[in-house]
Amino acid sequence: MAGKGVRDYKRRIRSVNNTRQITKAMKMVDAAKLRKAQEKAESSRPYTGKLQEVLARLVAMSVQAKHPLLEKHDPIKRVTYVVVTADRGLCGAFNTNIIRRANQAISEDERPVEAGIVAVGRKARDFYRKRGYNLQGDFINLGDKLDYTQAREIGQFIAQLYEEGAADEVYLVYAHFINAMRQIPTVQKVLPVETPEEITAEAEEFAKFAPDYIYEPNVDEILISLLPRYLMSQVYHAMLESKASEHGARMTAMGNATENASELVDILTLEMNKARQASITNEILEISGGAEALKKGGK
Amino acid sequence: MADNTFLLEVVTPERIALSEEVQFLVVPAMEGELGILRSHAPIVAGLKIGVLRYTMPNGEIHYMALSGGLMEVIDNEAKVLAETAEHGREVDLLRAKAAKERAERRLAERQDQISYVRAQMALLRAIARIRASELDRH
């Protein structure tokens, strides 16, 4: 008989169904992980926000605030991008979008600068290593359970690059989490340390009315303890956002894959039934044809 | 009653560890302990690894282990920002003691500068946790 037999269809359907079960399970796992990651990102916000406020006030109120991480480098020769991706794939265009955003930022920079990369996540490392970029460092296998110590390590690393002059500006590139369907690749400047304008304005307003702020023991000591912490908390926040985005992206991708598999099973089942019908019709035709022939022969 | 209290918040990257009206607060500042009462002048202080102590309006005293950070007081709101903060009663004493021994062993071995400093910090953290735990016991 021409075309596929019923058995071939059965085999295809079973295989698509197996794949569907895997994608469905992955979707559910990532949905659960997404919820946790979101909560974690949420609960890191007060810390970062508060550090930012204290820092802005400190900078606004003391002209003599000096620290290597606040110092602007001049001229700017080397710009480092800390690219935060996932370690794993199977999450749609998630990793590609981040890397594309980073590359866009590099090519849009019209100053005569060299770009360096610090890869966080295996996908970023593999991409930049393969293409021969100046990979200044990599942090991989961070796992699904991020903790602050990992961010501290990365923060220390980039602070060192900056202080040694291996980087004159540092940007974070990560996925900003909106919801499971939407993650926005974001580029954020982290070094030299700057505070967002609205917070700076607020702090300057505050500074006018509070000249009697006490620093214990003194401004410099506090900056030494505050600035690295602020940097680390930004890295931590980016990592948490990226993790939530990764789970969201994977959940969506796997949801789509599951739907596609279901559709495919429906189509294949229909075609299998058609094929079965056709073969039954054929058999009946053959039998009745044979009977007819016998009848004629008998007469 | 409430006119001699102020808000104390202890915030870490992981959570808001504490948010309570308190009467008296003592933090491990860089140059010694620092006591805060209501109507304190605005202050920013660097904190060392150590034990934070606060008195509730009903006179109860509680202890927390901090791993260094900052405190800011303005308008009767004290915010302590620390990398980790643990209530004394939450401390896993066995683990803290094990960490202390481990750190002491590391210090005994002769090592390069960085590992030495690290071990020292680990030891201080373990001691702070053990002290907070013992003080918070009653």
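Below is a short write-up of the structure. Remember, predicted model here, so these are calculated numbers, not experimental data.

Listed as interface residues are 24 residues of chain A and, on the opposing side, 26 residues of chain B. Summed over both sides, the interface between chain A and chain B buries roughly 2,300 Å², with carbon and sulfur atoms accounting for 64% of that surface. When residues of chain A are sorted by the area they lose upon contact with chain B, Tyr47, Lys50 and Glu216 of chain A head the list and together hold 26% of the total. Summed over the shared surface of chain A and chain B, the number is three salt bridges.

Moving on to empty space enclosed by the protein. Residues and elements named next belong to chain A. Summed over the entire model, instances satisfying the criterion amount to one cavity of 30 Å³ or more. Every residue lining the largest cavity is listed: Val84, Thr85, Ala86, Asp87, Val120, Gly121, Leu142, Leu146, Met239, Ser242, Lys243 and Glu246. At four residues, the largest contribution of residues to the lining of the largest cavity is made by helix H6 (residues 219–298). The class makeup of the residues in the lining of the largest cavity is six nonpolar, three polar and three charged.

Volume-wise, the largest pocket comes out at about 1,800 Å³. Surrounding the largest pocket, 44 residues form its lining, Thr149 and Arg152 of chain A together with Glu83, Met121 and Arg125 of chain B being those nearest its centre. Breaking the lining of the largest pocket down by element, the ones donating at least two residues are helix H4 (148–164) and H6 of chain A together with strand S5 (43–55), strand S6 (61–74), strand S8 (85–87), helix H1 (93–108) and helix H2 (113–135) of chain B. Of the residues belonging to the lining of the largest pocket, the class tally is 20 nonpolar, nine polar and 15 charged.

All names here are of chain B. Within the secondary structure, arginine 38 sits in the loop between strand S4 (32–36) and S5. The sequence separation of arginine 38 and glutamate 77 amounts to 39 residues, and the corresponding C-alpha distance is 8.8 Å. A polar contact of 2.8 Å, which involves the side chain of arginine 38, links it to the backbone oxygen of threonine 5.

A few words on the nonpolar core. With 49 residues, the main nonpolar core has Val170 and Val193 of chain A as its most contacted residues. Secondary-structure elements contributing two or more residues to this core are helix H1 (6–61), strand S1 (78–84), strand S2 (114–120), H4, strand S4 (169–179), strand S5 (182–191) and H6 of chain A together with S6 of chain B. The dominant element in this core, judged by the number of residues it contributes, is H6 of chain A, at 13 residues. The contact partners of valine 170 of chain A, leaving out residues within four places of it in the chain, are Thr80, Val82, Ile158, Tyr162, Gln188, Lys189, Val190 and Leu191 of chain A. Ranked by size, the runner-up nonpolar core spans 25 residues in total, among them Phe6, Leu8, Leu66 and Val73 of chain B.

On the surface, Val117, Met121 and Leu124 of chain B cluster together into a nonpolar patch covering about 240 Å² of accessible area. Inspection of the secondary structure assignment puts valine 117 of chain B in helix H2.

Rules used in this analysis
- Residues numbered from 1 in each chain as written.
- Chains lettered and ligands numbered in written order.
- Predicted model: local features only at pLDDT ≥ 70, side-chain atom pairs only at ≥ 80, totals over all residues.
- Heavy atoms only, no water.
- Contact = heavy atoms within 4.5 Å.
- Buried area = accessible area lost by both parts, 1.4 Å probe.
- Salt bridge = Lys/Arg side-chain N within 4 Å of Asp/Glu carboxyl O.
- 1 Å grid on protein atoms, 1.4 Å probe; cavity = no way out; pocket = protein on both sides within 12 Å on 5 of 7 lines; lining within 4 Å.
- Points joined across faces, edges and corners; volume = space filled by probe spheres on them.
- Helix = DSSP H or I, 4+ residues; strand = E, 2+ residues; numbered from the N terminus.
- Nonpolar A, V, L, I, M, F, W, Y, C, P; charged D, E, K, R; others polar.
- Polar contact = N/O pair within 3.5 Å; in protein donor to acceptor, adjacent residues only side chain to side chain.
- Core = buried A, V, L, I, M, F, W, Y, C linked by side-chain atoms within 4.5 Å.
- Buried < 20%, exposed > 50% of the residue type's maximum accessible area, 1.4 Å probe, protein only.
- Patch = residues over 30% accessible without salt bridge, like charges linked within 9 Å, V, L, I, M, F, W, Y side chains within 5 Å.
- Areas by Shrake-Rupley, 256 points an atom, 1.4 Å probe, with all protein chains shown as cover.

That's the geometry; what it means functionally is another story.
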